[in-house]
Protein chains: 4
Amino acid sequence: MIVILKHGVKEEKKEQLINWLKTLHLGVHISDGSFQTVLGLIGDTSHVDIDLIASLEIVDSVKRVSEPFKCCNRKFHPEDTIVEVGDVKIGSGNFCMIAGPCSVESEEQIVSIAKSVKEAGANILRGGAFKPRTSPYDFQGMQADGIELLKIARQETGLPIVTEIMGIKHLSLFEDVDIIQVGARNMQNFDLLKELGRLRKPILLKRGLANTLKELLMSAEYIMAGGNEQVILCERGIRTFDDYTRNTLDLAAVPMLRELTHLPIIVDPSHATGIARLVPPMALSGAACGADGLIIEVHNDPMHALCDGAQSLRPEEYAVLAHKVRQIREVINA
Amino acid sequence: MIVILKHGVKEEKKEQLINWLKTLHLGVHISDGSFQTVLGLIGDTSHVDIDLIASLEIVDSVKRVSEPFKCCNRKFHPEDTIVEVGDVKIGSGNFCMIAGPCSVESEEQIVSIAKSVKEAGANILRGGAFKPRTSPYDFQGMQADGIELLKIARQETGLPIVTEIMGIKHLSLFEDVDIIQVGARNMQNFDLLKELGRLRKPILLKRGLANTLKELLMSAEYIMAGGNEQVILCERGIRTFDDYTRNTLDLAAVPMLRELTHLPIIVDPSHATGIARLVPPMALSGAACGADGLIIEVHNDPMHALCDGAQSLRPEEYAVLAHKVRQIREVINA
Amino acid sequence: MIVILKHGVKEEKKEQLINWLKTLHLGVHISDGSFQTVLGLIGDTSHVDIDLIASLEIVDSVKRVSEPFKCCNRKFHPEDTIVEVGDVKIGSGNFCMIAGPCSVESEEQIVSIAKSVKEAGANILRGGAFKPRTSPYDFQGMQADGIELLKIARQETGLPIVTEIMGIKHLSLFEDVDIIQVGARNMQNFDLLKELGRLRKPILLKRGLANTLKELLMSAEYIMAGGNEQVILCERGIRTFDDYTRNTLDLAAVPMLRELTHLPIIVDPSHATGIARLVPPMALSGAACGADGLIIEVHNDPMHALCDGAQSLRPEEYAVLAHKVRQIREVINA
Amino acid sequence: MIVILKHGVKEEKKEQLINWLKTLHLGVHISDGSFQTVLGLIGDTSHVDIDLIASLEIVDSVKRVSEPFKCCNRKFHPEDTIVEVGDVKIGSGNFCMIAGPCSVESEEQIVSIAKSVKEAGANILRGGAFKPRTSPYDFQGMQADGIELLKIARQETGLPIVTEIMGIKHLSLFEDVDIIQVGARNMQNFDLLKELGRLRKPILLKRGLANTLKELLMSAEYIMAGGNEQVILCERGIRTFDDYTRNTLDLAAVPMLRELTHLPIIVDPSHATGIARLVPPMALSGAACGADGLIIEVHNDPMHALCDGAQSLRPEEYAVLAHKVRQIREVINA
């Protein structure tokens, strides 16, 4: 950690600070410049409150030298992590195509969509059973029944299933789910993350609407610190001033995260845009910048979907898209 | 709900849409303009998926006429709500001064701060027992023990206590807490909100870092829909591109929320700025724009605070500030 | 224009508003709903102050039915515009590859880069002569001399040239420039836009860092209203809370603008990310979502570039990228 | 400047970088930590491209130690600057009340408003002659005629006048204007700033919608580097995701700028909120956090104002507000 002192600081105040830093069991390396003094703190600074030091009257600014994330840090784990779900691999060149409806609505619906997305090239089935809705008056999902129907669809098609968890109290219902999804609004629900860290099951962690890449990695760290190393990161759009699309898909996050972490990174163009006709171009862009997979909403009857029909593709549209995605992957991997 | 169709839409497609809307049990009022057709939907549109309609090829845009929040809507409840905690009233001219340390650290610490903030003019004590930290390696709070120490401080001073809950599983520990706080990161933890709606106890609901006023009100609605009408809203800064302060305190939210809802609205200048020396000016601004209270971090030894010392005032600074706040209140209420 | 009145508005106030609207030469269509009254304004509403009406006490909200942009609106001009610069066409399936250094630094530099980007597949040369710099103490570009050197590079390679204008007073220097660029910071320099509207020369208009798509189109409208219809739009990143990249490249703007306007839309991955190693993935993403071209910084010696070397590719990196871009274009056009 | 190298960098690469830095005439102080190497660059780093260094493969991050702004930096000029306009002083405890209509519309209008705002307590008159409008089809202001009418109003009332300039070509029209305003959209119109730096006349510089405090100070620096030291900064709201108000007024900028610079700082609550009824609470908040003045839109007939009537107060409302502002100033200065 580097502490830059303000110009013209009194010697006495400087010594006071240095002595206090030493009580924190840190070595202090002093570098007096012509204009400013810089302190280099040596030792374990992970418990030092950077904001507190920055707030001191004699301090100009503080900079952390080492990143606070460890388990997910590529520096300490250079090889890509590969998450495995049955026969499906995700990461390190293994691309996943996750597809399915926003909400599970009936056995007929989920089974028929599962079959058509499998035929179109998907290798994992998604479907919402518990739905986080802004309004308490909106449809909240089929809940436990929805998970049962997903399992039926899995049996019928062989596709592993991924579905969102909204709170610890439902954890037992997810025992037989292949990948547990943490939604954007729960990315910093630390109590939930800790519990998921106790499992040995893949977690799909979506980036929050106003969260930095570092915060996303720190949330992955919560899960991994508990011993669960199978985390998949997902970029799904951030909140900006822009009002033509629901969120702004931040695709540069994909190559940037690739440098910072060894975890697989996928892209969700459906929730990012909220508009079905923008999903194919954004899915192709996601593949082109090197994502490890795409999670896309597909519905056989978007006009009657109980939730988020606005952003769902029809199976035949998904099939065309999936074909182009494969071709783009060939181009960038050539 | 108003649906504006695109220019030059085919009669056949228009009829198809109108017929579909009628299957949703809505009346449809058609207004053919010289350039565009506008449909007015009559009836209960609260279950209509506005995004789905907006996504249809023939639709230009859609606008909801009535707000989706009801219990907290001033339209249906014109009088200010007054939340009562023991002798302390909040709202409708009753101003609350909530103060205390970021984290409870020891009995001596919390009791001594409680006494000094009471003397300085505070009427509610705050203190963190469960701490939401970005990093799993940071101090997570004294948890159950911290709540016990808060109760001791309450006994010593008579101040009601407010502290943050992080998940449903700790709910029983909060039985004897006077006000339960929902932090910014949990503003859309809907499972938690629903549980809090079952209580009959004041909830202090903080605005999320990237949440609109409407979303804040919808989260209050989750609590109120369960029958718990004692909700206090709190503006605590939003996330913007600005990098000099931790967050951007959005004070215009105070008079704007005043129009939209009857609930009390308070301001947290400590978390908004993250810098102790900016807290007094922002607290005065908060009082000047008509907030119903202020929640401020006070610590007797900010240099050694285990968490967020950077934004804490010392008791003597708080006393000076509290005096000025009272004077500003006199000016604006004159 | 649709005006939605508040619930329970007095008949007298409503009539007052309607009468006032009629003095603005507008027809008013009244639709009394069970809960709210909606007024439809008929006639030329382009001069009506939407904010003023929205601010009236009895008004809940106002919505414009027709977009305020006309010349660039696809509704009134369904065919794609093709901008022509010498032999190079841009738009409607014609893809442009604009490349060159951030700043022109010397004849040797610009000629040698021009040759190598041409060989790598670029068909237009970029190079900054006037540089908008945040600091008055930073290098401000070679100015008039820089433009002369660009012309030499054009003569040597046959590549048309594009360079940025910073103010009206330099307009005469740009007479022999093929495409004049308006930078992000000048997107709403309306005086400059009006002057450029008097020319009959292609304008490359970059989106401002905090500007909506509508504002970008309104700025294009300023140029086109003057009679200059050769405008190329450029997405180059917006400012968000995100701090890992310089700006957030908003690629969904490309397909969204495609619907709204007939003008060509290109992408600038260099300024958006500010980091050379993120340029190739973002360039590929830009091609994959259907942009009409890419503008990319290339420098033969990024380490010694006088400006923005951080985001420049070397010619050999650009050649590899250009090849992949062509392949991606084949995939999406198949 | 501090350069932090990545973990495990090869000795050879490190030496290459150090040698290159020395060719830039910089001293390099090397500090080898247990985990990372930190280089301290000594000498004039104002011409060093921080982004270029940050982009190098072996570099983790770079931090500037000294701020790039000098003339406006409080470090080098600890006393508050006082801007004088006739008898009116701004800064260092001198509070200015700038008021007037959004646009000058007629002699009668501007003279009558000038008289009433003077009576209500204003000491400077504002009025737009050149209007930056998003749409080319909107009213663009009375231009030269508007400035003449402002002068008449000044003659009638004695109030100094402030009005906005939109481009260099109108500079001669502003010779007899007391304070020249640079609007938010022109904050980084560097050509304009340079010209204004040649004048010896107060400049009111508004913060851009997406500009950081540092960028605002760098724009002031453009003016001051030319020798014009009479710059007044103005916070007028930034663009965020929030959609209830036009912009988000960032009041913490006031005390933050106070620390960074000696220039006066005023607040514009009218443009920040865009809603007349939010102007009084935000004006009071601006006074409460220590601003040096307020610029507020006042119109005698907001319903018929040609521009921005939505955010204008009536003179009688302004008088009430001005009285409370004075009282708040007494409280905070006590």
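Peer 1: Teacher, can you tell me more about the relation of the copies chain B and chain C here?
Peer 2: Between the two chain copies there is a screw-like relation: a rotation about an axis and a shift along it. Least-squares fitting of chain B to chain C yields an RMSD of 0.1 Å, with the transformation described by 0.1 Å of translation along the axis and a rotation of 180°. Both copies are brought into coincidence by an operation consistent with a two-fold rotation axis. It is phenylalanine 241 of chain B whose C-alpha, among those of chain B, lies nearest the rotation axis, at 2.1 Å. When the interface residues of chain B are mapped onto chain C, 100% of them again lie at the interface, so the same face is used by both copies.

Peer 1: How should the sheet that holds strand S4 (residues 59–63) of chain C be read in this particular structure?
Peer 2: The pairing of strands in a sheet happens through backbone hydrogen bonds and is either parallel or antiparallel. All names here are of chain C. One open sheet holds the 4 strands; their spatial order is S2-S3-S1-S4, and the pairing between them is antiparallel. Both edges of this open sheet fall to strand S2 (27–32) and S4, since each of them pairs with a single strand only. Ignoring strand direction, the axes of neighbouring strands in this sheet form an average angle of 20°. Bridge count between strand S1 (residues 2–5) and strand S3 (residues 37–42): 3 bridges; the pairing is antiparallel. Paired with isoleucine 4 across the strands is valine 38, a residue of S3.

Peer 1: I'm lost on the sheet that holds strand S1 (residues 2–5) of chain A in this one. Help?
Peer 2: Residues and elements named next belong to chain A. Ordered in space as S2-S3-S1-S4, the 4 strands form an open sheet in which the pairing is antiparallel. Two strands in the sheet have a free side with no partner beyond their single neighbour: strand S2 (27–32) and strand S4 (59–63). Across the sheet, the axes of successive neighbouring strands diverge by a mean angle of 20°, strand direction being ignored. Two elements, S2 and strand S3 (residues 37–42), share 6 bridges in a ladder whose sense is antiparallel. Each residue of the ladder has a partner; that of isoleucine 30, found in S3, is leucine 39.

Peer 1: Looking at this structure, how should I read the relation of the copies chain A and chain B?
Peer 2: When chain A is fitted to chain B, the best match, at an RMSD of 0.0 Å, comes from turning it 180° and sliding it 0.0 Å along the axis. A high fraction, 100%, of the interface residues of chain A reappear at the interface in chain B, so the copies pair face to face through one surface.

Peer 1: Would you explain the interface of chain B and chain C in this entry?
Peer 2: If you look at the interface, chain B gives 21 residues, while chain C gives 21 residues. Sorting the residues of the side of chain B that touches chain C by element identifies strand S1 (2–5), strand S2 (27–32), strand S3 (37–42) and strand S4 (59–63) of chain B as the ones contributing at least two each. Broken down by element, the side of chain B that touches chain C gets its largest block of residues, 3 residues, from S4 of chain B. Counted by class, the side of chain B that touches chain C contains 8 nonpolar, 8 polar and 5 charged residues.

Peer 1: How do you make sense of the environment of isoleucine 180 of chain B when you look at a structure like this?
Peer 2: All names here are of chain B. Position of isoleucine 180 relative to the elements: it lies in strand S10 (residues 179–182). Along the primary structure isoleucine 180 and valine 162 are separated by 18 residues, whereas in three dimensions their C-alpha atoms are 5.8 Å apart. When residues no more than four places from it in sequence are discounted, the contact partners of isoleucine 180 are Thr163, Ile165, Phe174, Leu196, Leu199, Lys201, Pro202, Ile203 and Leu204.

Peer 1: Is there a simple way to think about the interface of chain A and chain B in this case?
Peer 2: One widely used convention gives an interface's size as the accessible area the parts lose upon coming together. At the junction of the two partners, chain A supplies 50 residues and chain B supplies 50 residues. Interface area, chain A with chain B, both sides summed: about 4300 Å², of which 52% is carbon and sulfur. With a shortest N-O distance of 2.7 Å, arginine 239 of chain A and glutamate 215 of chain B are connected by a salt bridge. Counting the contacts that link chain A with chain B gives 20 residue pairs in polar contact (both at pLDDT 80 or more). Elements supplying a minimum of two residues to the side of chain A that touches chain B: helix H2 (50–55), helix H5 (190–197) and helix H6 (213–225) of chain A. For the side of chain A that touches chain B, the leading source of residues is H6 of chain A, giving 5 residues. Of the residues that constitute the side of chain A that touches chain B, the class distribution is 19 nonpolar, 15 polar and 16 charged.

Peer 1: Looking at this structure, I do not really get the packing of aromatic side chains. What am I missing?
Peer 2: Across all of its chains, the model carries 8 aromatic pairs over all chains by this definition. Each ring, one from phenylalanine 190 of chain A and one from tyrosine 222 of chain A, has its centre 4.6 Å from the other, and the planes form 20°; the classification is stacked. Remark: tyrosine 222 of chain A occurs in helix H6 and phenylalanine 190 of chain A occurs in helix H5; sequence separation between them is 32 residues. Take phenylalanine 190 of chain A and tyrosine 222 of chain A: they sit in the same class, and that class is buried. Seen from the ring of tyrosine 137 of chain C, lysine 70 of chain D lies directly overhead, with NZ or CZ sitting 4.8 Å from the centre.

Peer 1: It is not clear to me how the environment of glycine 227 of chain D should be interpreted in this structure. Could you clarify?
Peer 2: Residue and element names in this part refer to chain D. In this fold, glycine 227 is placed in the loop between helix H6 (213–225) and strand S12 (231–235). For the pair glycine 227 and leucine 125, spaced 102 residues apart in sequence, the C-alpha to C-alpha distance is 26 Å. Contact partners of glycine 227, with chain neighbours within four places excluded, come to Gly197 and Arg200.

Peer 1: I'm lost on the confidence of the model for chain A in this one. Help?
Peer 2: Regions with low pLDDT should not have their predicted coordinates read in detail. A residue-level look at chain A finds 96% of positions with pLDDT of 70 or above and a mean pLDDT of 91. The ipTM value of the predicted complex is 0.90, and its pTM value is 0.91.

Peer 1: How do you make sense of the side chain of asparagine 211 of chain B when you look at a structure like this?
Peer 2: Tracing the chain through its elements places asparagine 211 of chain B in the loop between strand S11 (203–206) and helix H6 (213–225). Among the polar contacts made by the side chain of asparagine 211 of chain B, one reaches the side chain of glutamine 188 of chain B at a distance of 3.5 Å. If we skip the residues at most four places from it in the chain, asparagine 211 of chain B touches Arg239 of chain A, Met187 and Gln188 of chain B together with Phe241 of chain D.

Peer 1: Is there a simple way to explain the packing of helix H3 (residues 107–120) of chain A against helix H4 (residues 144–157) of chain A in this structure?
Peer 2: Geometrically, a packed helix pair is captured by the angle between its two axes and the distance between the axes. Residue and element names in this part refer to chain A. Where H3 contacts H4, the two axes come as close as 9 Å, and the packing angle between them is 40°. For the element pair H3 / H4, the angle class is oblique. The interaxial crossing formed by H3 with H4 has right-handed handedness. The segment H3 lies against H4, with Glu107, Ile110, Val111, Ala114, Lys115 and Lys118 engaging Leu149, Leu150, Ile152, Ala153, Glu156 and Thr157. The class makeup of the residues in the contact of H3 with H4 is 7 nonpolar, 1 polar and 4 charged.

Peer 1: Just checking my understanding: could you explain helix H1 (residues 11–23) of chain C for this structure?
Peer 2: Owing to its 3.6 residues per turn, the α-helix aligns residues three or four sequence positions apart on the same side. Residues and elements named next belong to chain C. Its 13 residues give H1 an end-to-end C-alpha distance of 19 Å, which sits within 8% of 18 Å, the value for a rise of 1.5 Å per residue. Within H1, burial applies to Lys14, Leu17, Ile18, Trp20 and Leu21. Down the axis of H1, the buried side of the element spans an arc of 160°, and every buried residue falls inside it. Exposed side of H1, more than 90 degrees from the buried face: Glu12, Gln16 and Thr23 are the residues found there. The inward-facing, buried residues of H1 abut S1, S2, S3, helix H2 (50–55) and S4. Looking one or two places after H1, you find histidine 25, whose phi comes out positive at around 65°.

Peer 1: When you look at the pattern of salt bridges in this model, what are you seeing that I'm missing?
Peer 2: Evaluation of the coordinates by the stated rule reveals 79 salt bridges over all chains. For glutamate 235 of chain B, the salt bridge identified is with arginine 207 of chain B, shortest N-O distance 2.8 Å. Of this pair, glutamate 235 of chain B sits in strand S12 (residues 231–235) while arginine 207 of chain B is found in the loop between S11 and H6, placing the two residues 28 residues apart along the sequence. When sorted by exposure, glutamate 235 of chain B lands in the same class as arginine 207 of chain B, which is buried. Beyond isolated ion pairs, a larger network of salt bridges with shared partners links Arg207, Glu235 and Asp250 of chain A together with Asp242 of chain C.

The rules behind each value
- Residues numbered from 1 in each chain as written.
- Chains lettered and ligands numbered in written order.
- Predicted model: local features only at pLDDT ≥ 70, side-chain atom pairs only at ≥ 80, totals over all residues.
- Heavy atoms only, no water.
- Least-squares fit on C-alpha atoms with pLDDT ≥ 70 in both.
- Contact = heavy atoms within 4.5 Å.
- Pairing = 2+ DSSP bridges.
- Helix = DSSP H or I, 4+ residues; strand = E, 2+ residues; numbered from the N terminus.
- Axes fitted to C-alpha atoms, helices over the stretch in contact; angles between N-to-C directions.
- Nonpolar A, V, L, I, M, F, W, Y, C, P; charged D, E, K, R; others polar.
- Buried area = accessible area lost by both parts, 1.4 Å probe.
- Salt bridge = Lys/Arg side-chain N within 4 Å of Asp/Glu carboxyl O.
- Polar contact = N/O pair within 3.5 Å; in protein donor to acceptor, adjacent residues only side chain to side chain.
- Phe/Tyr/Trp six-rings, centres within 6.5 Å; stacked < 30°, edge-to-face > 60°.
- Buried < 20%, exposed > 50% of the residue type's maximum accessible area, 1.4 Å probe, protein only.
- Lys NZ or Arg CZ within 6 Å of the ring centre and 35° of its normal.
- pLDDT = per-residue confidence, 0-100.
- Parallel < 35°, antiparallel > 145°, perpendicular 65-115°, else oblique.
- Left-handed = near helix turned anticlockwise from the far one by under 90°.
- Expected span 1.5 Å × (residues − 1).
- Arc of directions from axis to C-beta.

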